[in-house]
Amino acid sequence: GAVVSQHPSWVICKSGTSVKIECRSLDFQATTMFWYRQFPKQSLMLMATSNEGSKATYEQGVEKDKFLINHASLTLSTLTVTSAHPEDSSFYICSALQGILTDTQYFGPGTRLTVL
Amino acid sequence: AQKVTQAQTEISVVEKEDVTLDCVYETRDTTYYLFWYKQPPSGELVFLIRRNSFDEQNEISGRYSWNFQKSTSSFNFTITASQVVDSAVYFCALTTNRDDKIIFGKGTRLHILP
């Protein structure tokens with residue numbers, strides 16, 4: 001099956017620093033990738049839809065200047081949390097659509113961010 | 001509006017018991033897809049099943065089975081002879097042809113007690 005990786009799997013940083021999370025589709029090309037955020041004991045919340053070669057589409061309430069998304073190639077999307085604060089601590093999960101006309105998203109293993 | 005409701009927040013059963021996780025969905029689209037995902041303590045989402053709106057056949061995969069009923073807008077998931085390794089959070093989800101976004105339910109936390 002399709003494999004999606006994320007790096008790093010966990011990161012601890014100081015308040016005010018920026019953190020970059022990578023999402024890669026390992027064995028397929030993904031024109032569309034998604035970024036989710038999950039707080040403890042809660043469901044996944046879609047943050048943005050990332051399309052290769054174009055600007056990401058952010059969900060309502062998600063600050064695009066805070067969460068920078070770059071989808072530079074068909075196998076890589078990055079999420080940068082800028083000037084991170086403790087309230088940004090969360091579990092960030094990416095997913096990728098395999099192909100164009102498809103309906104199944106494959107999820108990465110997630111990145112746990114802790115901001116001190 | 002599209003919505004997925006998992007009314008059971010948390011369930012605990014003793015090992016070897018059967019357990020059913022409920023999922024009720026809402027959508028006005030006639031073409032849609034339903035999913036179940038498992039999220040163990042490690043956090044990684046594990047894909048379990050995808051079902052499209054035109055296929056109401058129930059499915060069985062080992063100890064897992066799914067009951068899709070359009071008449072009640074439900075897509076319930078049953079684990080037979082539960083095992084401790086089944087302990088996880090289970091999410092039901094919906095997507096439609098309108099866009100690629102997945103709407104997740106709030107999840108059901110399942111505890112299988114030894």
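Residues numbered from 1 in each chain as written. Chains lettered and ligands numbered in written order. Predicted model: local features only at pLDDT ≥ 70, side-chain atom pairs only at ≥ 80, totals over all residues. Heavy atoms only, no water.

A. Quick peek at the packing of aromatic side chains. In total, this model carries 19 aromatic pairs over all chains according to the counting rule given. Pairing B:F68 with B:F75 gives two aromatic rings, centres 5.7 Å apart and planes at 75 degrees, and the pair type is edge-to-face. Like B:F75, B:F68 is buried. Taken together through their ring pairs, the aromatic side chains of A:Y36, A:F107, B:F35, B:Y37, B:F47, B:F91 and B:F104 make up a single cluster. (Phe/Tyr/Trp six-rings, centres within 6.5 Å; stacked < 30°, edge-to-face > 60°. Buried < 20%, exposed > 50% of the residue type's maximum accessible area, 1.4 Å probe, protein only.)

B. Expanded view of the pairing of strand β1 (residues 4–7) of chain A. All names here are of chain A. What you see with β1 is a clean split: V4 and Q6 sit on the buried side and S5 and H7 on the side with no burial. Direction of pairing for β1 relative to strand β3 (residues 19–25): antiparallel, over a ladder of 4 bridges. Residue pairing for β3: S5 is matched across the bridge by R24. (Helix = DSSP H or I, 4+ residues; strand = E, 2+ residues; numbered from the N terminus. Pairing = 2+ DSSP bridges.)

C. Main features of unusual backbone geometry. All names here are of chain A. Note that the residue after H7, namely P8, is joined by a cis bond; omega there is 0 degrees. Assignment of secondary structure puts P8 in the loop between β1 and β2 (10–13). The residue K41 is not glycine, and still its phi comes out positive at about 60 degrees. Locating K41 in the fold gives a position in the loop between β4 (32–38) and β5 (44–51). Given a relative accessible area of 75%, K41 falls into the exposed group.

D. Structural context of the interface of chain B and chain A. Taken together, the contacts link 19 residues of chain B with 19 residues of chain A. Interface area for chain B against chain A, summed over the two sides, is near 1,500 Å², with a carbon-plus-sulfur share of 56%. Connecting chain B to chain A are 1 salt bridge. Taking the shortest distance from any N to any O, the salt bridge between A:E59 and B:K101 comes out at 3.0 Å. Counting across the chain B and chain A interface gives 4 residue pairs in polar contact (both at pLDDT 80 or more). Contributions of two or more residues to the side of chain B that touches chain A are made by β5 (32–39), β6 (46–52) and β10 (88–96) of chain B. Ranked by the residues each element gives to the side of chain B that touches chain A, the list is headed by β5(B), at 4 residues. (Contact = heavy atoms within 4.5 Å. Buried area = accessible area lost by both parts, 1.4 Å probe. Salt bridge = Lys/Arg side-chain N within 4 Å of Asp/Glu carboxyl O. Polar contact = N/O pair within 3.5 Å; in protein donor to acceptor, adjacent residues only side chain to side chain.)

E. Structural context of the state of the cysteines. Residues and elements named next belong to chain A. Under the counting rule described, the total for this entry stands at 2 disulfides over all chains. In this model C23 forms its disulfide with C94; the gap between the sulfur atoms is 2.0 Å. In this structure, the disulfide formed by C23 and C94 twists by about 80 degrees around the S-S bond and is classed as right-handed. With a gap of 71 residues between them, C23 in strand β3 and C94 in strand β9 (residues 90–97) connect regions that are remote in the sequence. (Disulfide = S-S within 2.5 Å.)

F. Here's a closer look at a nonpolar patch on the surface. All names here are of chain A. Residues W10, I12 and L116 make up a contiguous nonpolar surface patch of roughly 390 Å² in combined accessible area. Take W10: it is sitting in strand β2. Using a relative accessible area of 57% as the deciding quantity, one classes W10 as exposed. (Patch = residues over 30% accessible without salt bridge, like charges linked within 9 Å, V, L, I, M, F, W, Y side chains within 5 Å. Areas by Shrake-Rupley, 256 points an atom, 1.4 Å probe, with all protein chains shown as cover.)

G. Representation of the pairing of β6(B) in the model. Residue and element names in this part refer to chain B. Sheet analysis places β5 next to β6, joined by 6 bridges and oriented antiparallel. Within β6, the residue paired with Y33 across the bridge is N52. Counting the residues between successive antiparallel strands, the hairpin from β5 to β6 contains 6 residues, one of them, G43, with a positive phi of roughly 100 degrees.

H. Representation of the sheet that holds β3(A) within the structure. All names here are of chain A. Strand order in the open sheet formed by 4 strands is β1-β3-β8-β7, with antiparallel pairing between adjacent strands. For this open sheet the edge positions go to β1 and β7 (67–73), each flanked by a neighbour on one side alone. Between one strand axis and the next, the sheet turns through 15 degrees on average, direction left out of account. (Axes fitted to C-alpha atoms, helices over the stretch in contact; angles between N-to-C directions.)

I. Spotlight on the nonpolar core. Residue and element names in this part refer to chain A. One finds W35, F67, L79, Y92 and L113 to be the most contacted residues of the largest nonpolar core, which totals 25 residues. Residue assignment for this core shows that the elements contributing at least two residues are β2, β3, β4, β5, β7, β8 (76–81), β9 and β11 (111–115). Excluding residues within four positions of it along the chain, Y92 makes contact with Q6, I21, Y36, R37, M47, F67, L79, G110, T111 and L113. (Core = buried A, V, L, I, M, F, W, Y, C linked by side-chain atoms within 4.5 Å.)

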